[in-house]
Amino acid sequence: MENTIKAIVEKYDSNKGFLVPVLQDVQKELNYLPREALDLVSKFLKVSISQVFEVATFYKAFSLEPRGKYQMALCQGTACHVRGVPLIVDHIERTLEIKDGETTEDLMYTFETVNCLGACALGPVMVVNEEYHGKMTIAKTDKLLKKLGKEGNA
Ligand code: FES
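Residues numbered from 1 in each chain as written. Predicted model: local features only at pLDDT ≥ 70, side-chain atom pairs only at ≥ 80, totals over all residues. Heavy atoms only, no water.

### Comments concerning the overall build of the chain
Counted only if it meets this: Going along the chain from the N terminus, every DSSP run of H or I of four or more residues is numbered as a helix, and every run of E of two or more is numbered as a strand. Any two residues whose heavy atoms approach within 4.5 Å at even a single point are treated as in contact. Accessibility throughout is a Shrake-Rupley quantity obtained with a 1.4 Å probe, and a residue counts as covered only by protein chains that appear here.
When helices and strands are counted, the chain shows 7 helices and 4 strands. Along its sequence from the N terminus, the chain presents helices and strands in the succession α-α-α-α-β-α-α-β-β-β-α. For the chain, the C-alpha atoms occupy an extent of roughly 50 × 30 × 25 Å along the three principal directions. Within the chain, counting contacts between residues at least 6 apart in sequence, those at least 24 apart form 60% of the total. Within the structure as shown, the chain displays about 9100 Å² of accessible surface, and the carbon and sulfur contribution to it stands at 52%.

Rendered as structure tokens:
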């Protein structure tokens, strides 16, 4: 992990002002911000660990808990809700054996419900690693999980 963090920090010329983008890159690489990574960022960027923590806990986009390789965000805004989102939530929770906001033990999936994603006409909408999937149904969810499962194990 040390070399990975060092390379990221060096990409930003070890400039303290780039703490946020450094943490973004670390999270992209590791899917979350483990304590060891924060210590290394603090060391290489010469920023105190308390400052690193402050930033890492301030932004909702950062996670100090392990996240899945596939991060699934299902919209439960009104337009999506009335088109069957509660059934899809139930289905995903039962299929992956996790609750809203949790990550599977094998670190393949993190599932969470979110507020309106701004694509109501396509509802129900699910975003998987920044890719939008519209008009979701239980059947489409199954198909998607199957595809991700294959990709993830490839
Ligand atoms: S309510 Fe789901 S995208 Fe707007």
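After that view, the rundown keeps rolling.
### Here we look at helix α4 (residues 49-58)
Applied cut-off: Exposure is judged per residue with a 1.4 Å probe applied to protein chains only, and the accessible area is read against the type maximum: over 50% gives exposed, under 20% gives buried, and values in between give partly exposed. Note: the arc covers the axis-to-C-beta directions of the helix.
Of the positions making up α4, those classed as buried are Val52, Val55 and Ala56. Each buried residue of α4 lies within a common arc of 100 degrees when the element is viewed along its axis, so the set occupies one face. Looking at α4, the residues exposed on the side facing more than 90 degrees away from the buried face are Glu54, Thr57 and Phe58. At its buried positions, α4 is contacted by α2 (19-30) and α3 (35-45).

### Re the packing of helix α6 (residues 85-96) against helix α7 (residues 138-153)
So the rule is basically this: To obtain each axis, a line is fitted to C-alpha atoms, and for helices this fit is confined to the stretch in contact; angles are then taken between N-to-C directions over 0 to 180 degrees. Left-handed describes a crossing whose near helix is turned anticlockwise from the far helix through less than a right angle; right-handed describes the clockwise counterpart.
Interaxial distance between α6 and α7 falls to 10 Å at its minimum, and their mutual angle equals 35 degrees. Judged by the twist between their axes, the crossing of α6 over α7 is right-handed. Residues Leu87, Ile88, His91, Ile92, Thr95 and Leu96 of α6 lie in contact with α7, whose contacting residues are Ile138, Thr141, Asp142 and Leu145.

### Things to note about the sheet that holds strand β2 (residues 109-114)
Put simply, the test is: Only strands that DSSP links by at least two bridges are regarded as paired with each other.
The 4 strands lie next to each other as β2-β1-β3-β4, forming an open sheet whose pairing is mixed. The open sheet is flanked by β2 and β4 (131-133), the only strands paired with a single partner. Ignoring strand direction, the axes of neighbouring strands in this sheet form an average angle of 20 degrees. Bridge count for strand β1 (residues 70-75) against strand β3 (residues 126-128) is 3 bridges, and the pairing is antiparallel. Bridging across to β3, alanine 73 finds its partner in valine 127.

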